[in-house]
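Now for the letters of each chain:
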Amino acid sequence: MAQTAVLIPFSSEVQALTPEVLRYRAASRADSTKRVIEKCWRAFQVWCEANGLRPFPCRSETLESYLIHLAGRGLKTATIEQHRYSIDTRHKLSGLPTPGNSHLVQTVMAGIRRTLGTHQRKAAPLTIEQIRSLEFPQGLQGCRDRALLIVAVCTGLRSSELAALYVEHLEATEQGYRLLIPHSKGDQEGEGQYVELVRASKAPVEESVGLSYGAHGVRPGQAAGAPRLSPRAGAP
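Residues numbered from 1 in each chain as written. Predicted model: local features only at pLDDT ≥ 70, side-chain atom pairs only at ≥ 80, totals over all residues. Heavy atoms only, no water.

1. Here's the deal with the nonpolar core
Soluble globular proteins tend to pack their nonpolar side chains together in the buried interior.
Phase 1 of the analysis: Formed by 17 residues in total, the largest nonpolar core has its most connected members in F44, L67 and I80.
Phase 2 of the analysis: Elements that contribute at least two residues to this core include exactly α2 (31–50), α3 (60–72), α4 (77–92) and α5 (103–116).
Phase 3 of the analysis: Core analysis: the second largest hydrophobic core is formed by ten residues, V151, Y177, L179 and L197 among them. (Core = buried A, V, L, I, M, F, W, Y, C linked by side-chain atoms within 4.5 Å. Buried < 20%, exposed > 50% of the residue type's maximum accessible area, 1.4 Å probe, protein only. Helix = DSSP H or I, 4+ residues; strand = E, 2+ residues; numbered from the N terminus.)

Right, dumping it as structure tokens:
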């Protein structure tokens with residue numbers, strides 16, 4: 001997975017940029033965001049080539065036509081907005097005006113939102129009772145998976161946030177646990193946020209912590225016999 005390619009400018013200035021500049025530009029976006037930008041940009045390039053248009057720098061009229069094309073394909077408003085954001089980001093990081101800020105594009109996006117709507121269908125949430133009825137593998141990995149699923153239900157954390165959790169992020173309280181979230185989508189600077197775990201989640205979490213520190217002799221941050229989750233684990 002290329003992480004820096006998405007954030008390197010197209011203009012000739014890239015030749016004069018130091019490795020430090022490129023590294024910090026790459027760090028300005030989360031890996032998941034960079035994957036989305038890369039995917040959307042590739043799709044835009046293919047469409048431009050098929051229609052004899054230049055993707056970069058992109059004219060407002062070109063982006064307007066592309067967004068209408070996406071709406072015609074039946075894409076949801078949120079997905080179309082994602083494509084517009086990706087194209088704007090490529091221009092912004094090259095020091096160029098973003099075509100998505102033009103009156104033409106803003107007007108057509110307003111029309112798309114009014115026509116298609118902005119409602120997103122959400123799946124019914126998994127309950128703690130359903131998780132308790134599931135069968136998990138024996139040992140640390142199964143215990144970890146059950147605890148993480150319950151934590152996910154109680155907190156609504158994303159899969160990447162769950163994968164970044166360590167035992168030392170837990171602090172026992174009278175009501176259950178206080179959990180430190182080192183990084184999140186709403187905390188891009190990494191200041192850290194706390195969420196509370198209700199008592200219903202305490203037993204499986206304590207079981208997982210006990211196995212980690214006890215029979216398996218695992219130090220904080222380790223997972224003997226249970227490989228560390230990928231940030232995309234559980235993602236659709």
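2. Digging into α5
Phase 1 of the analysis: With 14 residues, α5 should cover 20 Å at 1.5 Å per step; its first-to-last C-alpha distance of 20 Å lies within 8% of that length.
Phase 2 of the analysis: Those residues of α5 that sit buried are V105, V108, M109 and I112. Along α5, the residues classed as buried sweep out an arc of 105 degrees about the axis, all on the same side. Opposite the packed face of α5, turned more than 90 degrees from it, sit the exposed residues H103 and R114.
Phase 3 of the analysis: Next to the buried residues of α5 lie α3 and α4.
Phase 4 of the analysis: Looking one or two residues past α5, G117 carries a phi angle of roughly 80 degrees, positive in sign. (Expected span 1.5 Å × (residues − 1). Arc of directions from axis to C-beta. Contact = heavy atoms within 4.5 Å.)

3. Things to note about the packing of aromatic side chains
Phase 1 of the analysis: Inspection of every chain in the model, using the stated rule, returns four aromatic pairs.
Phase 2 of the analysis: Ring geometry for F44 against W47: centres 6.4 Å apart, planes inclined by 15 degrees, an arrangement best described as stacked. Here W47 and F44 lie together in helix α2, a separation of three residues that amounts to about one turn. By the burial criterion, F44 is buried, and W47 matches it.
Phase 3 of the analysis: An aromatic cluster of three or more residues is present, and its members are W41, F44, W47 and Y66.
Phase 4 of the analysis: Taking the ring centre of W41 as reference, the NZ or CZ of R90 above it sits at 5.0 Å.
Phase 5 of the analysis: In this arrangement the basic side chain of R178 is found over the ring face of Y194, its NZ or CZ atom lying 3.6 Å from the centre. (Phe/Tyr/Trp six-rings, centres within 6.5 Å; stacked < 30°, edge-to-face > 60°. Lys NZ or Arg CZ within 6 Å of the ring centre and 35° of its normal.)

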